[in-house]
Amino acid sequence: MIRVAILGASGFVGAELLRLLAMHPGLEPVAVFGDSQAGQRLAEVHPHLALAYPELVVERYSAEALRGAELIFAALPHGHSQALAPEILATGAKFVDLGADFRLDSAEDYERWYKEPHQAPELLGDFVYGIPELNRQAIAASQAVAAAGCYPTSAILALKPLIGLIDPETIVVDAASGVSGAGKGLKDETHFNSVDENFSAYGLLGHRHTAEMEMALGGTLLFTPHLAPMNRGILATCYGMAKGPCDPLAALREAYAAEPFVHVSERAPSTKWTLGSNAVHLTARHDPRTGRVLAIAALDNLVKGAAGQMIQCANLMLGLDETAGLPRVGVWP
């Protein structure tokens, strides 16, 4: 078994990593870190994991405690991994980071979108952008991966095979996420009374995930995220002007025919179909009346949009079966 350490284990993504790793045949969590709940048994922090990890205790992070880990996952707020990355990489372990710290190509882009200087710009080139369906070979050959964000994963997978069919300067992405995408911390806007029976847009014109989408798609796009009154899921509805008559559904089917976690169908996808799975459900249409292409993606923001994608990348990095420990079917009803 490959020994795994998890930073940010007390959060939603940390819990989802541990849930999935409990079913993984080759990865074993041996150290879990979460400063706000350090000293507590994991079963107290995440009761749903009690039977899988009855003895594991959440620790306060230290570089010394990483010794012996062969794989390190970080599910920390943006900005935190920059300070820790040098000592993590120095261990020689494989490192998969979910934060936004190392996703972008340049320190200038990071500062533009995150409004603060990058603390470790010399390490940006050491990280591979973590969407296996785009960068499988590079991920497999890397020590460090910056797993893509949940919104970008949905939009990029929906649109990347269609770039030759549409003008990349005309892309619009409207996407809705479940409340778990906002993290475990208490906020007024994610309070039950704020979210229940409500649907709202946020991050108008400048949401940070726009940068990842533009980087991966090579175009300019308008992205508007929305908060939906559900625990999990992302539904991304994407548009672009077609260069001419085309069959975008056929393009998606051809691009993803051999992908284990991507399902392409004529049916418009639903977030509930992907609940608890590492799957992405896609569809697309060309509208001759308006000259636009429509592409829609659904995924679970905590699995393919976070923990599942991290494990999928780690499987590649370690030479394991890419699908190991990762469910391809959702939970219904």
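Look above for the structure.
Residues numbered from 1 in each chain as written. Predicted model: local features only at pLDDT ≥ 70, side-chain atom pairs only at ≥ 80, totals over all residues. Heavy atoms only, no water.

**Examining the environment of Ile6**
So the rule is basically this: Strands are runs of DSSP state E lasting at least 2 residues, helices are runs of H or I lasting at least 4, and numbering of each runs from the N terminus. Here's how the labels work: a residue is buried when its accessible area is under 20% of the maximum for its type, exposed when over 50%, partly exposed in between, all with a 1.4 Å probe on protein chains only.
Structurally, the position occupied by Ile6 is in strand β1 (residues 2-7). Exposure remark for Ile6: the relative accessible area of 0% places this residue in the buried category. Considering only alpha carbons, one finds Ile6 and Ala69, 63 residues apart in sequence, at a separation of 9.6 Å.

**Considering the sheet that holds strand β4 (residues 71-74)**
Whether parallel or antiparallel, the strands of a sheet pair through hydrogen bonds between backbone atoms. Defined as follows: Any two strands are treated as partners once DSSP identifies two or more bridges connecting them.
With respect to topology, seven strands assemble into an open sheet ordered β3-β2-β1-β4-β5-β7-β6, the strand pairing being parallel. With partners counted over all chains shown, the strands left at the sheet margins are β3 (58-59) and β6 (127-130), one partner each. Sheet topology note: the β1/strand β2 (residues 27-33) ladder contains six bridges and is parallel. Across the sheet, the residue bridging to Arg3 is Glu28, located in β2.

**Things to note about helix α6 (residues 150-159)**
For α6, a buried count of ten out of ten residues is recorded, marking the element as mostly surrounded by other parts of the structure. All of the buried residues in α6 are Cys150, Tyr151, Pro152, Thr153, Ser154, Ala155, Ile156, Leu157, Ala158 and Leu159.

**Some points on the side chain of His118**
The criterion, for reference: Under this definition, polar contacts are N or O atom pairs within 3.5 Å; protein pairs additionally need one hydrogen-donor-capable and one acceptor-capable atom, and for neighbouring residues in sequence, both atoms have to be side-chain atoms. We call two residues in contact whenever any of their non-hydrogen atoms come within 4.5 Å of each other.
Relative to the helices and strands, His118 resides in the loop between α4 (107-114) and β6. Within polar-contact distance, the side chain of His118 engages the backbone oxygen of Asp101 at 2.6 Å. Among the polar contacts made by the side chain of His118, one reaches the main-chain amide nitrogen of Ala120 at a distance of 3.0 Å. Setting aside chain neighbours within four positions, we find His118 in contact with Gln82, Asp101, Phe102, Ala107, Tyr110 and Leu124.

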